[in-house]
Amino acid sequence: MRMAGDPSYLEPLNKEQRRAVLHTGKPLLILAGAGSGKTRVIKTKIAWLIREQGIDPRSILAVTFTNKAANEMAHRARKIDERAGNAMLRTFHSFGAWFLRRNGHLAGLDSGFVIYDDTDVVALLSSIMENTPKPEVKYFAHCIARAKDYFLSPDDSELALINHQKKFRDIYKQYEERMAQIGNVDFGDLIKKPAEILRSQPEVAKRFHDRFAVIMVDEYQDANVAQFHLLKELCSVSTYVCVVGDDDQSIYRFRGAEVKNILDFPNSFAGADIIRLEQNYRSTSPILQAASSVVNRNRDRLGKVLNAEKGDGPFPELTTHIDQYAEAEFCADKIEQSVKNKTTTWADWAILYRTNAQSAVFETLFLRRRIPYRVVGSFKFYEREEIKDALALLSFLANPRDEVAFRRVVNKPTRGVGPVTVHNIIQASITGSSNLAETSLTLQCSQKARAGLKEFINVIDNAKVLLGDHEDNTKDYTNNKYVKDVDVKRKRKKLELNGAIKKQELKPGKGLSICVHNLLINSGVAEYHAMEDEISGNSKIGNLQELLNAAIDYPNNREGLLNFLENIELDRNMKEETQNPQDTVTLITFHNTKGLEFKRVFMTGLEQGIFPREEKKDEELEEERRLFYVGATRAMEELYLTKCEQRTLYGKTMPMTPSLFLNEIDKSVINEIKKKNDFAFGITERGGWQSFGKPSSSGKGKDQDDYLWENKSFNPFQLTSAMKELEEVSGWRIGQRLFHENHGYGGVLKIKDSDDGPIVYVKFDNGQEKSFLSEYQSKAYEKIGDDW
DNA sequence: TAGTTTTAAGTTTTT
DNA sequence: CTTAAAACTA
């Protein structure tokens, strides 16, 4: 197949892949089935364009749907040619943000905008729709987001297709006006606004046409209408455009993805060529056959046949379990057994589920059984109260017109600024067209509120000085005089007594973290959460510290701040990316698996109501089928399908019926195991591991000794009488081993007295330290074994 | 008003 | 069962 003179990096490609890489001229649609090597094609194509076609890397734009995919693509393309690192590899949304920072002013948008996430949008909308129940506000927020996905503005006649209520148009209009006053954007704006600017400003469009000679789009089946328009506007007659996708893997209809985009590509991009990649290199034949037999039931599809390069293999195995706990145990057993006899490593395994909530059972069990795992996606980190507070302070610092951020933190901790005052300030700010910081200082209000507002604005102003004052991020500015000026001696209440803030003090690092630290301390937000920690044994300060650490890499100036906020909004998995791949089992939703592959895969919760969800019909049911297909085709060697007879949901145990997909699947390639051997010992009716007692794997002995050995800071044989008394009062002993549902195994480090009774300090085996008041001893802390 | 207690309501999937 | 909203008390 190799042609004379072909570069060696083309060698691994098959005929069709090679055709796709070498294709030039007309628009190209690559229909790439699951596991057909599309990533390989894209990265090779980028390298080939640079090396053989002499294309300037800077004039290549490659768009993906996740940041992970974008990073991965960049990494792999660079391996072939270092220059590929200069190509622009971004998600649609991050490209939109990049575009708007530079060209937003053409649509009246200041470059200092902050991106609102869904919660922020709902908060803004509920201040527009006063006295409207939250669910209704959420619904309208959803409609606005969909409208933007479909590239519809408040005046568009087609708006009724999204929501036919008359008031919707009006709400949408008000929302847009308010957003414009604030000067921020939502996710939809990141796509819609750039497309509008390009469309209405030919000279801008020309600049971009000159800049990008090549545009490639991955996962094109998940592009929405607005993204289609953006792509259209970015392309001139001379732009080489290449999109890659698979209609069978379109799983984001609910957020506006239009399969029509891919089906209609040949019409919208005249003269387009189509190349099909139908050779599957990932899965064995039975796995592919099982997956295909389900998605084949769909009507709206191009239809394709995938050939399994790998050939035969073991049949996918279907098992039934009494409930989700037994299901989890089954998975754990399989994995443990295989890893123990060295057939596989932890990282070869993935557990797939439909909803994020389903991961909890696996997490708890895996902690208990000491199975290393990582949960992909659904990082609730940035949704936590304390993190949201910190980000609101930063957002308000970046944009003093940010009403949502202002509302969130102006009275936290309480400064006597009540809802009435807040409302007045926001109204006055809108009518008087001055920002919220200025308005706060000038508006007539009560004495108490005035003082509180002054204090709050002072905090922001100090941070602003800290931020704008210098460019370098090496010098320690924590003792800056502006910091000292602020009155930090706020009422400390109980806090003063037990010195909570001192114990778990936030430490500033370098760069932007100096500014973040300054804000958290001076605003009193750090104190506020430190106190909560002390009472409930949470680790909010720890979380804030993590946020601080993340800010270290950004310069301590305005640009750094904007970048930091943008990256957090656009890449929720930011933290995970930086970590090195470890040998761990992957827990992941079906949606998140797109583009990934594992040797062995569990598809769990195959029950009506869970997967497919509720009574989905027609197009929605078809989408669930595609999701099933996506999940199944992740497996390279072995696929396990599991379902439960009953499931405990929302505290209630309900009987479950098998998933519709299990009826549709080709039974001739499935190995159904009917024996029921898992009325498992240790599982109780109320669904816990009540009778577990000690963990079977050495709850006693070595582990404990290791623990004591490592913690020489105390000597159990030299306890003072006060300490012994505390042990008695609290019911805990120093050195006591314990297990916590969320944090795993650990031991009691020390016990201290406080106004609210003894506080038990725990050090977990993963290094984390937590504390809890023994009085409110949560059952989450379970004593295990005897103490040394 | 601020903070606590009681009651009700709710769970896809995500850039 | 957990979280958010509503009602209540100091």
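Note that the coordinates shown come from a computational prediction; the quantities given were computed from them, not determined experimentally. (Residues numbered from 1 in each chain as written. Chains lettered and ligands numbered in written order. Predicted model: local features only at pLDDT ≥ 70, side-chain atom pairs only at ≥ 80, totals over all residues. Heavy atoms only, no water.)

Looking now at the confidence of the model for chain A. When the pLDDT values of chain A are averaged, the result is 82; 85% of them are 70 or greater. Every residue in residues 469-503 scores below 50 in pLDDT, and together they form 52 contacts with partners more than four places removed in sequence or on other chains. Here residues 678-716 scores under 50 on pLDDT; set against residues more than four positions off or in separate chains, the count is 56 contacts. (pLDDT = per-residue confidence, 0-100. Contact = heavy atoms within 4.5 Å.)

So, on to the packing of aromatic side chains. For the coordinates displayed, the defined rule picks out 29 aromatic pairs. Centroid distance Phe95 to Phe212: 6.3 Å. Interplanar angle 65°. Geometry classified as edge-to-face. With Phe95 in helix 4 (residues 92-103) and Phe212 in the loop between helix 9 (202-211) and strand 6 (214-217), this pair connects stretches of sequence that are 117 residues apart. The residues Phe95 and Phe212 share a single accessibility class, namely buried. When the ring of Phe99 is compared with that of Phe208, the centres are 4.8 Å apart and the planes differ by 35°; the resulting orientation is tilted. With a gap of 109 residues between them, Phe99 in helix 4 and Phe208 in helix 9 connect regions that are remote in the sequence. The pair formed by Phe99 and Phe208 is uniform in burial state, with each residue classed as buried. (Phe/Tyr/Trp six-rings, centres within 6.5 Å; stacked < 30°, edge-to-face > 60°. Helix = DSSP H or I, 4+ residues; strand = E, 2+ residues; numbered from the N terminus. Buried < 20%, exposed > 50% of the residue type's maximum accessible area, 1.4 Å probe, protein only.)

A surface patch of negative charge is lined by Asp300, Asp618, Glu619 and Glu620. Mapped onto the secondary structure, Asp300 falls in the loop between helix 13 (285-295) and strand 10 (307-308). (Patch = residues over 30% accessible without salt bridge, like charges linked within 9 Å, V, L, I, M, F, W, Y side chains within 5 Å. Areas by Shrake-Rupley, 256 points an atom, 1.4 Å probe, with all protein chains shown as cover. Salt bridge = Lys/Arg side-chain N within 4 Å of Asp/Glu carboxyl O. Lys, Arg positive; Asp, Glu negative; His and termini not counted. Charge placed at Lys NZ, Arg CZ, Asp CG, Glu CD.)

Our focus in this paragraph is the packing of helix 8 (residues 189-200) against helix 10 (residues 225-234). Between helix 8 and helix 10, the least distance of the axes is 9 Å, while the angle of their chain directions is 35°. The way helix 8 lies across helix 10 gives a crossing that is left-handed. Here Ile191, Pro194, Ala195, Leu198 and Arg199 of helix 8 lie close against helix 10, whose contacting residues are Ala226, Gln227, His229, Leu230, Glu233 and Leu234. (Axes fitted to C-alpha atoms, helices over the stretch in contact; angles between N-to-C directions. Left-handed = near helix turned anticlockwise from the far one by under 90°.)

A few words on the pairing of strand 20 (residues 652-655). Pairing of strand 19 (residues 646-649) with strand 20 involves four bridges; the strand directions are antiparallel. Looking at the pairing, Gln646 lines up with Pro655 of strand 20. Here strand 19 folds back onto strand 20 in antiparallel fashion, the turn holding two residues, of which Tyr650 has a positive phi close to 50°. (Pairing = 2+ DSSP bridges.)

Moving on to unusual backbone geometry. Geometrically, the link from Phe611 to Pro612 is a cis peptide bond, its omega value of 5° lying close to zero. Assignment of secondary structure puts Pro612 in the loop between strand 16 (609-610) and strand 17 (613-614). One non-glycine residue, Phe151, lies in positive phi territory at about 65°. Along the chain, the position of Phe151 falls in the loop between helix 6 (134-149) and helix 7 (166-182).

Moving on, we get to the environment of Glu622. As for its placement among the helices and strands, Glu622 is situated in helix 29 (residues 618-632). Residues within four places of Glu622 in sequence aside, it is in contact with Asn298, Arg299 and Asp300.

The next thing to look at is helix 24 (residues 512-523). The end-to-end C-alpha distance of helix 24 is 17 Å, a good match for the 16 Å that 12 residues give at a rise of 1.5 Å each. Burial of helix 24 is extensive: 11 of the 12 residues sit out of reach of the surface. Residues Leu512, Ser513, Ile514, Cys515, Val516, His517, Asn518, Leu519, Leu520, Asn522 and Ser523 constitute the buried set of helix 24. (Expected span 1.5 Å × (residues − 1).)

Near DNA strand B you find 21 residues, and of these His93, Arg354, Asn356, Asn592 and Tyr650 are the closest. Within 4 Å of the protein, atoms of DNA strand B come from sugar and phosphate in 57% of cases. At 3.1 Å from a base oxygen of DNA strand B is found a side-chain nitrogen or oxygen belonging to His93. Gly416 is positioned such that a nitrogen or oxygen atom in its backbone is 3.4 Å from a phosphate oxygen of DNA strand B. In terms of residue class, the surface near DNA strand B is built from five nonpolar, 10 polar and six charged. (Near = heavy atom within 4 Å. Polar contact = N/O pair within 3.5 Å; in protein donor to acceptor, adjacent residues only side chain to side chain. Nonpolar A, V, L, I, M, F, W, Y, C, P; charged D, E, K, R; others polar.)

Looking at chain direction, strand 2 (residues 60-64) and strand 3 (residues 88-91) are connected through four bridges and run parallel. Each bridged residue has a counterpart across the sheet, and for Val63 the counterpart in strand 3 is Arg90. Taking the sense of rotation as the criterion, the β-α-β connection linking strand 2, helix 3 (residues 67-80) and strand 3 turns out right-handed. (Right-handed = clockwise from strand over helix to strand, strands pointing away.)

This part is about the nonpolar core. One broad rule of soluble globular proteins: the nonpolar side chains tend to lie buried together. Of all hydrophobic cores here, the largest spans 50 residues; its most connected members are Phe396, Phe406, Phe456, Leu512, Leu520 and Leu547. A total of nine residues in this core trace back to one element, the largest contributor, which is helix 16 (residues 385-398). Setting aside residues no more than four positions away along its own chain, Leu520 makes contact with Ala390, Leu393, Leu506, Val525, Ala526 and Leu544. Counting 45 residues, the second-largest nonpolar core is a separate cluster that includes Ile197, Phe208, Leu231 and Val259. (Core = buried A, V, L, I, M, F, W, Y, C linked by side-chain atoms within 4.5 Å.)

Moving on, we come to the sheet that holds strand 18 (residues 635-644). Spatial strand order, 13-14-12-15-18-11-21: seven strands in an open sheet with parallel pairing. The sheet terminates laterally at strand 13 (373-375) and strand 21 (671-673), the two strands that pair on one side only. The mean inter-strand angle of the sheet, taken between neighbouring strand axes irrespective of direction, is 20°. In this sheet, strand 14 (residues 585-589) lies alongside strand 12 (residues 349-353) in parallel orientation, the contact comprising four bridges. Each residue of the ladder has a partner; that of Ala350, found in strand 14, is Thr586.

Structurally, Ile670 can be placed in the loop between helix 30 (660-664) and strand 21. Residue class for Ile670 comes out buried when judged on its relative accessible area of 11%. When the C-alpha positions of Ile670 and Gln279 are compared, they lie 22 Å apart, and in sequence the two are 391 residues distant. When residues no more than four places from it in sequence are discounted, the contact partners of Ile670 are Ala290, Phe315, Pro316, Leu318, Leu641 and Ile665.

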